Amino acid sequence: MTLLMLAINWSDRPPSAAAQKFQHILDSRPAVSDSDNAYVYAQGFAIARPLDPLAWGRKRIDWIDSMSDRTSASAFDHPPGEYSSFGKYRSQPIEKLGDVCPNPPGEVCYDAMRNADAVVAEWLLSEGWVLNRYRALISRPVWREEVPRHTSAPFPPYSEMLEGQKLLLLRAWQLADRGDVAAVRALLGEDIRFWRMVLASADVLLTKMIATAAMDRHFAWSNLVLRRLPETGVDEAVPESWLRPLSGPELSMERCFAGEWRYSHHMVFGIADWPDLWQVAAGDPDSGGVITQLTRRAQGLLLQPQATSNITADTLLATSDVLRVPLEELPRAVEALEREARAPDERGIQLYNPVGVILASVATPSYASYAARVADLEGIRRAALLTARLRNRGAMPEPRQMRRLLHESDLRDPYDGEPFAWSNDSSAIVFSGLESGDRGRHAFLY
C-alpha cells in the first residue's frame, strides 16, 4: 500500500487555470504611491496621537513583509509603534450614549441623541484628532492592500477606523442640527465614496466585509442625520454616490476570492515547507541530500501543496462564476450554493493528496452568505434613498399613504422588484435582504 501511495503521490500538480487566473488578478494590480494608498495609512491608523500614521503604516507593512511563512505566531505579538484603543478613556456620559446607540440605531437612539448635544460636543472635542485622522484616511484615492502571507499577520486596525467613522457621522449630526446642508452633504459624500472604493478594491474577504459593515452603518446613521434636517433640505443633503447603483466590481466577489486563494496558498505551502520530523530526527533538518529527498517524497504521500492550492482556486472561481448573475437571480444562486455546501461529501477515500483534500475543504467554506451580505447593500441604498426622497416631499407617515407611495416608487427590492415594506410599529421603511435573521432586516426610521 505504501508503494502504491508513493507512486500515486510521486509528483505535485502544476497551477490550474483558476490558480493562474487569480495570480494574474493580483499581479496586474497597478503600483501606487504610499501617499495615495489608504491601506498604508490604515495600517498606521491606531498609532499614538503625535505620530504620523502614513510613516508608521509603511514601517508596519515592511515589518510584516520581513516575516516568512515559517515565522512563529508569537513574533507578530508586538508590531512596531505604540498602538492603542481610541475609546479607552471616554467619559461616562459618552459611554452611556454609545450604549443606547448600537448599530443599527433606532428610535431610542434618535431620542437620546436629540437630548445629548452637550455630550456629542464633548465627544467631538475630546476626539477631534481622531476625526481628523479618519478624514485624512478617507481622502486617499486608492486602496491597494497586501495579501497576508502568514495566518498571524495583523490586518489594519479596522475597529479603530470604524470609531473614526462614528465620529464623522456624529459631526454630520451636529451640522444637521445647525441646518448646514452643504456641509452635511460633503461629509456624508466623503464617507460613502471611500467605502464604496474599498468595497470594489478589497483583495481579501475580511476587507470586503469591513467595507460592507461600514456602508451599512453609513446608510443607517445618515438616515438619522437627514431626519434632523428641515424637510426642504433633505434632498440637497443626499450625496451623489447615493444615486448610483452598486457596480459590478463592488458586488463581485472575484477579486477578494483571489486574495483568499493566495492567503490559503501561502498557508498550505508554509505547512508543506516545515522541516520533516524524519529530517529533524536525523539531526540535519537543512540537509539537501538523500534524507531530504526521501522525506519530501514521504510527505508527498499526504500533502501536495500546489494540488491543494488548485482545489481552493477551482472552488472559489466556480463560486464566483455562480454568483456573477443579475441581482434578481442572486437568491436562487445563493440557495444553490448553500444547498451544495450542505450536501454530504460522497468522494470517498482520496489516495492522491488526502491531507490536501481535507485542508482545502476546511479552508474553503460556503461563501454564499458573504455574497448575500454584499448584495444586500443595493437594497439598503435604495431604501435609504427612498426614505430621504419621501421625507423631502413632506409625505406624512400615515400607513395607507406610505404603502401607496412605496408602491408607486421606482426604488424597489432589488431581488423581486416588489415595493419596500412599511412598518406601522416603528414608522419605518423596511428592506428584508438575503441575509438570514435580524441581520437581514434593515429599517429606516421615517
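Heads up: the structure comes first, above all this text.
Keep in mind that what you see is a predicted model, and the values were worked out from it rather than measured.

1. What to know about empty space enclosed by the protein
Piece 1. The final tally for this structure, using the stated rule, is one cavity of 30 Å³ or more.
Piece 2. The computed volume of the largest cavity comes to approximately 50 Å³.
Piece 3. Around the largest cavity sit L97, G98, C101, M113, W123, K166, L170 and W221, which together line it.
Piece 4. At the level of elements, α5 (92–100) and α9 (158–177) are the ones that each hand at least two residues to the lining of the largest cavity.
Piece 5. Split by residue class, the lining of the largest cavity holds six nonpolar, one polar and one charged.

2. What about the packing of aromatic side chains?
Piece 1. A full pass over the atoms with the stated rule returns 14 aromatic pairs.
Piece 2. Between W143 and F194, the aromatic rings sit 6.4 Å apart at their centres with planes inclined by 80 degrees, giving edge-to-face as the arrangement. Taken together, the positions of W143 in the loop between α8 (128–138) and α9 and F194 in helix α10 (residues 181–201) put the pair 51 residues apart, joining distant regions of the chain.
Piece 3. Owing to a relative accessible area of 2%, W143 belongs among the buried residues under this scheme.
Piece 4. The exposure class assigned to F194 is buried, which follows from its relative accessible area of 0%.
Piece 5. Both rings, one in F420 and one in F431, keep their centres 5.9 Å apart while their planes meet at 90 degrees; by these two values the pair is edge-to-face. Placement of the pair is F420 in the loop between α21 (399–408) and β1 (421–423) and F431 in strand β2 (residues 428–432), with a sequence separation of 11 residues. Across the pair, exposure class does not vary: F420 and F431 are buried alike.
Piece 6. Here a set of aromatic residues connected by ring pairs shows up, and it is made of Y39, W143, F194 and W195.
Piece 7. In this structure, R227 packs its charged tip against the face of Y110, placed 4.4 Å from the ring centre.

3. Some thoughts on the environment of E160
Piece 1. For E160, the location among the structural elements is in helix α9.
Piece 2. Residue E160 is classed as buried on the basis of its relative accessible area of 10%.
Piece 3. For the pair E160 and P397, spaced 237 residues apart in sequence, the C-alpha to C-alpha distance is 37 Å.
Piece 4. Within the structure, E160 has its side chain in polar contact with the backbone nitrogen of F86 (distance 3.0 Å).

Reading the values: rules and limits
- Residues numbered from 1 in each chain as written.
- Predicted model: local features only at pLDDT ≥ 70, side-chain atom pairs only at ≥ 80, totals over all residues.
- Heavy atoms only, no water.
- 1 Å grid on protein atoms, 1.4 Å probe; cavity = no way out; pocket = protein on both sides within 12 Å on 5 of 7 lines; lining within 4 Å.
- Points joined across faces, edges and corners; volume = space filled by probe spheres on them.
- Helix = DSSP H or I, 4+ residues; strand = E, 2+ residues; numbered from the N terminus.
- Nonpolar A, V, L, I, M, F, W, Y, C, P; charged D, E, K, R; others polar.
- Phe/Tyr/Trp six-rings, centres within 6.5 Å; stacked < 30°, edge-to-face > 60°.
- Buried < 20%, exposed > 50% of the residue type's maximum accessible area, 1.4 Å probe, protein only.
- Lys NZ or Arg CZ within 6 Å of the ring centre and 35° of its normal.
- Polar contact = N/O pair within 3.5 Å; in protein donor to acceptor, adjacent residues only side chain to side chain.

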